[in-house]
Amino acid sequence: MLLRGIAGSGKTTLVQWLAVCTARQESLRGLEQLIGRVPFVLPLRTIARQESLPSPASFLASVHNPLDGAQPPGWADRVLNADRGLLLIDGIDEIPERDRERTRAWLADLLIAYPDNLWLVTSRPSAVADDWLGAQDFAEFTLSPMSREDMAAFIDRWHEAARQTCRTEEERRTLNDYQSALHIAVRTKQDLSRLATNPLMCGLICALHRARRGYLPPGRKALYDAALSMLLARRDTERCIYAPGDVQLDEEPQIQLLQRLAYYLIRNGEAELDRDRAERVIEEALPSVPAAQAVGDAPAILSHLLLRSGLLREPSVSTVDFIHRTFQDYLGAKAAIEAWDVGLLIRNAHDAQWEDVIRMAVAHARPRERAELLGKLLEVARHKNSAEAALRLYLLAMACLEHAPDLDPAIRDEVTRNALEFVPPLTVPRARELATVGPLVLELLPGPEGLTDEVAECCVVTASRIPVDAAIPYLARFADHPAVGVRAQLASSWGRFETERYFHEVILRLDRDGLYFVAESMEHLRLLLDTGPRPWLILRGNFTEDEIRDTLGGEEVTRLRLNRNDVISDLGTALGHLSDLGTLYLTGCFAARDLSPWPNSRSTPWSTNHRARRAGPSSPRA
């Protein structure tokens, strides 16, 4: 599997979680195939810095694992030859573009030598081309943004964990108030709900909301500024870490030094650097940051940043990196703007590793600097020979407008006009890429009038992947569309929006002919059935046997799809009363083992094949 996900979406966390579950040999529902396997976590940011990528015998040594010397000779080779390996290869996007082809060749060689193990490779969405590992039979998946329900669950669990640190009942009551207030803020504030769609930002928002006593600054840059202030200054001061007489390093000198380290990494296409190189970078910066010299020499300052900043870490005894790529990009962009290295930014704008750097550079820049930076970006895009390369640059410029509240109107109009050349999207992959621009693209998408069915569906795909309230009126314009593909995409996108509003403005207006309606919660299901009948249903998620039996009417449902359900084990109990059920699809329902027919069923015996079935024409493609 090649798994794509934006910064902060949880790729590395997923890799670590899979490794821990496998190492513990936990029999998690749906992950039984991990029992008996051995996980190998291979972060490319670490192993790609070496002259040659490692063979299995060198896996542990390449990631500086202290158990390397304890492994028996040939152990890794024996594990992989026995098809017991789980290879978790993290961060194609975190290595320079020049190294990605040799990495693909290394992967291909490993797959030839050890073909029947499990493989997961992660990357940011645009770091490598579609089907990059297609020749090696890799399937591609994308980590979805967190839905409103996901955000609510994350906020609840974050505060539940935080309550364990409360010392008094008053602190717990205050935290309960913050939890309730944050739920309301995420539901009602568009900019906040857009930022909270990945775990990194959702966790950051929870921490800031608590630290700032219920106040959150608006916008991504303001949130990062507040987060840096919390990590670099307020956290240690408010926890009384420093004793009287201790040398403290103020926030601004820390930022100056950290952004020099970040910019060094970005310029050199690296994700981590040797400790002695980090010390030299700091030493070169010290004449410009005299306040830092009170801490000591460069090694002492680096040790201070590692211990106290909360932004740097030491993954091994000799290397240094940032806790998350997002902070590296943010600080590196600040350094680039202060040095006004606009040429370097523009020359690397085609590289996926630089996309967030350029967005944040626009956010850090002053109005005249923004205009110059975006103007040069458009000029480079116009001279690209490849339409695909030009599209990426035009969309990048369009995405930058979100971070440019003060900008020359002529430049803003030119950016928008160039992006319009690629609107409406003509393919589903192009539609998904267009959605990365964010809410700005909603103003550019055309209405349904005069569009072919395929283009109308692509427009709906783009808008449905921008989960803000402003997308609902646009999507509602397609609710009466005759094409089942368009209506299927609308029906499947309900979980990304506010339930009641989307239901009344979109779902209620959909023609039911040949259409599966999708429910991702009991609230969805009750609303659908209260306005039924809905003979074709998709139940996505962990609906229990009792919930399905007690909710679905016996003579209403004729076709049913159960997607990603890990709790149903007895289909007879859940579905035995559905006398008119003629078609049942099971996709990713790992607990449903007994598929024998039940007495009321008029269908032929059920297949026991648990592999996902390709959806029919009324199922959404995106």
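Residues numbered from 1 in each chain as written. Predicted model: local features only at pLDDT ≥ 70, side-chain atom pairs only at ≥ 80, totals over all residues. Heavy atoms only, no water.

Hey, could you go over the nonpolar core for me, with residue numbers and the actual values?
With 152 residues, the main nonpolar core has Leu 560, Leu 562 and Leu 575 as its most contacted residues. In this structure, Leu 42, Ala 48, Ile 92 and Leu 111 belong to the second largest nonpolar core, which totals 27 residues. (Core = buried A, V, L, I, M, F, W, Y, C linked by side-chain atoms within 4.5 Å. Buried < 20%, exposed > 50% of the residue type's maximum accessible area, 1.4 Å probe, protein only.)

Please set out the packing of aromatic side chains residue by residue, giving values where relevant.
The tally for this structure, following the rule as stated, stands at eight aromatic pairs. Taken together, a centroid distance of 5.2 Å and an interplanar angle of 55° make the contact between Tyr 474 and Phe 478 tilted. Overall, Tyr 474 belongs to the buried group, its relative accessible area being 6%. What makes Phe 478 buried here is its relative accessible area of 0%. One aromatic cluster is present, formed by Phe 40, Phe 59 and Trp 75 through successive ring pairs. Sitting over the face of the ring of Phe 517, Arg 534 holds its NZ or CZ atom 4.5 Å from the ring centroid. (Phe/Tyr/Trp six-rings, centres within 6.5 Å; stacked < 30°, edge-to-face > 60°. Lys NZ or Arg CZ within 6 Å of the ring centre and 35° of its normal.)

Give me the sheet that holds strand β1 (residues 2-4): which residues, what numbers.
An order of β2-β3-β4-β1-β5 is seen for the five strands of this open sheet, with the pairing classed as parallel. Among the strands making up the open sheet, the edge pair consists of β2 (38-43) and β5 (140-142). The mean angle between the axes of side-by-side strands here comes to 20°, regardless of whether they run parallel or antiparallel. Seen against the sheet, helix α1 (residues 11-24) touches β1, β2, β3 (85-90) and β4 (118-123) and runs at an angle of roughly 160° to β3. The strands touched by helix α5 (residues 100-113) are β2, β3 and β4; relative to β4, the strand with the most contacts, the crossing angle is about 170°. (Pairing = 2+ DSSP bridges. Helix = DSSP H or I, 4+ residues; strand = E, 2+ residues; numbered from the N terminus. Axes fitted to C-alpha atoms, helices over the stretch in contact; angles between N-to-C directions. Contact = heavy atoms within 4.5 Å.)

Tell me about helix α23 (residues 484-492), and name the residues and values.
In terms of burial, α23 is largely enclosed, as eight of its nine residues are buried. Listing the buried residues of α23 in full gives Gly 485, Val 486, Arg 487, Ala 488, Gln 489, Leu 490, Ala 491 and Ser 492. On its buried face, α23 sits against α21 (453-464), α22 (471-476), α24 (499-505), β9 (517-519) and β10 (536-540).

Tell me about the pattern of salt bridges, and please be specific about residues and values.
All chains considered together, the criterion is met by 21 salt bridges. One salt bridge connects Glu 505 with Arg 501, and the closest N-O pair in it is separated by 2.8 Å. Of this pair, Glu 505 and Arg 501 both sit in helix α24, four residues apart, roughly one helical turn. Asp 546 is the salt-bridge partner of Arg 549, the closest N and O atoms lying 3.0 Å from each other. Taken together, the positions of Arg 549 and Asp 546, both in helix α26 (residues 545-551) and three residues apart, correspond to about one turn of that helix. Asp 546 gets classed as partly exposed once you look at its relative accessible area, which sits at 42%. Taken together, the shared-partner salt bridges in this structure form one network comprising Arg 45, Arg 313 and Asp 321. (Salt bridge = Lys/Arg side-chain N within 4 Å of Asp/Glu carboxyl O.)

So what about the pairing of β4? Which residues, and what values?
The element β4 is extensively covered by neighbouring structure, given that five of its six residues are classed as buried. For β3 and β4, the ladder comprises four bridges, and the chain directions are parallel. If you follow Leu 88 over to β4, its bridge partner there is Leu 120. At this point the chain moves from β3, through α5, to the parallel β4, and the crossover so formed is right-handed. (Right-handed = clockwise from strand over helix to strand, strands pointing away.)

Before we move on, could you go through the sheet that holds strand β8 (residues 319-322) and cite the residues and values that matter?
Taking strand neighbours across the sheet as the criterion, the three strands line up as β6-β8-β7 in an open arrangement whose pairing is antiparallel. Two strands in the sheet have a free side with no partner beyond their single neighbour: β6 (273-274) and β7 (312-316). Examined bridge by bridge, β6 and β8 share two bridges and lie antiparallel to one another. Along β8, the bridge assignment pairs Leu 273 with Val 320.

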